[in-house]
Amino acid sequence: AYRFPDLYPQLEQLHSTDSLLNILQAPISYDGTLIPTPAIGRVLMDDTARVNAILASPAAQAALPEDVRFRWSAHVVDYEYLELIALKATADGQPLFSGECITDVEQIKVKKGNIPNVSLTMNEQAAEAWAQYTREHVGESIAFVVDGAVYSYPTIMAEIPGGKSQIAGNMTFEEADDMVSVLKHGPLPCEVRIVEENIVNPK
């Protein structure tokens, strides 16, 4: 999984040519620490086309890893920004799991902490593969990508048996409803790719 520190040297190289880091609000703490997140920066919505052009430039293609894929967040952050997420492509370029493996999705109300949760249920075949995958990738994360936009990028906290998962945190109740709606009725297949950050808990 790519995290911001993994790509920082290459992004600095682009900074010297295309000034990408001047456009991104990069995840760097006040003391200069690079925050290990796949969201490599926030960008004003008006600047997304400019960022896309930089990432498609020959300089970016030469500097960045061949298997990195950048996608925008599905939802606006702080009213006027989108997050740029760094995904790591699979060897065959296909999603690890598709939307066809999801048999049910709903938002569940959690009283403790008043945190929105999205519950996913997979079919039996996918559930077995999901249990193995989550067992082998604890501490890494996945991205739920629908129609090219990232709806969530939760971290795997433990093996998830039985095909039932919960995604919690870093989204509003409205965004959780939107995710439920698009996974149920929206453009499919839904992609699941390795990235970093958030929470996935076994139900």
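Here the residue numbers are simple positions, counted from 1 along each chain's written sequence. Predicted model: local features are reported for residues with pLDDT of at least 70 only, side-chain atom pairs are reported and counted for 80 or more only, and whole-chain, interface and lining totals are derived from all residues. Only heavy atoms go into the side-chain values, all of them from the structure, while hydrogens and water stay out.

## Considerations on the environment of T90
- Within the fold, T90 resides in the loop between β3 (81-88) and β4 (102-108).
- Along the chain, T90 and D67 lie 23 residues apart, while their C-alpha atoms are 7.7 Å from each other. Only DSSP runs of H or I reaching four residues or more are called helices, and only runs of E reaching two or more are called strands; each is numbered from the N terminus.

## Brief notes about the layout of surface pockets
- The space that makes up the second largest pocket amounts to roughly 200 Å³.
- Surrounding the second largest pocket, 13 residues form its lining, L55, Q61, L64, V68 and F70 being those nearest its centre.
- Those elements giving two or more residues to the lining of the second largest pocket turn out to be α3 (48-55), α4 (58-63) and β2 (68-73).
- Of the residues forming the lining of the second largest pocket, the biggest block, four residues, is contributed by β2.
- For the lining of the second largest pocket, the class distribution of residues is nine nonpolar, two polar and two charged. A cavity here means a set of 1 Å grid points, computed over protein atoms only, where a 1.4 Å probe fits but cannot escape. A pocket is an open set with protein on both sides within 12 Å along at least 5 of 7 lines, and lining residues have an atom within 4 Å of a point. Grid points are joined across faces, edges and corners, and a volume is the space filled by probe spheres set on the points. Each residue gets one label: Ala, Val, Leu, Ile, Met, Phe, Trp, Tyr, Cys and Pro are nonpolar, Asp, Glu, Lys and Arg are charged, and the others, such as Gly, are polar.

## Here's the deal with α3
- Any residue under 20% of the maximum accessible area for its type is buried, any over 50% is exposed, and the rest in between are partly exposed; the area is computed with a 1.4 Å probe on protein chains only. When we look at burial in α3, the residues that qualify are T48, V51, I54 and L55. The buried residues of α3 occupy one face: seen down the axis, they fall within an arc of 120°.
- Looking at the buried side of α3, the elements it contacts are α2 (20-23), β1 (39-44), α4, β2 and β3. It is the directions from the helix axis to the C-beta atoms whose arc is reported. Contacts are assigned to residue pairs that have any heavy atoms within 4.5 Å of one another.

## So, the pattern of salt bridges
- Salt bridges are defined by distance alone: a side-chain nitrogen of Lys or Arg within 4 Å of a carboxyl oxygen of Asp or Glu. Tallying each qualifying case throughout the model produces two salt bridges.
- Across the pair R42 and D78 runs a salt bridge whose closest N-O atoms are separated by 2.4 Å. Residue R42 is found in strand β1, and its partner D78 is found in the loop between β2 and β3; the two are separated by 36 residues along the sequence.
- Classification of R42 as partly exposed rests on a relative accessible area of 28%.

## Focus: the environment of V138
- Along the chain, the position of V138 falls in the loop between α5 (124-136) and β6 (141-146).
- Residue class for V138 comes out partly exposed when judged on its relative accessible area of 46%.
- Separated by 20 residues in the primary sequence, V138 and A158 have C-alpha atoms spaced 5.6 Å apart.
- Excluding residues within four positions of it along the chain, V138 makes contact with I156, M157, A158 and E159.

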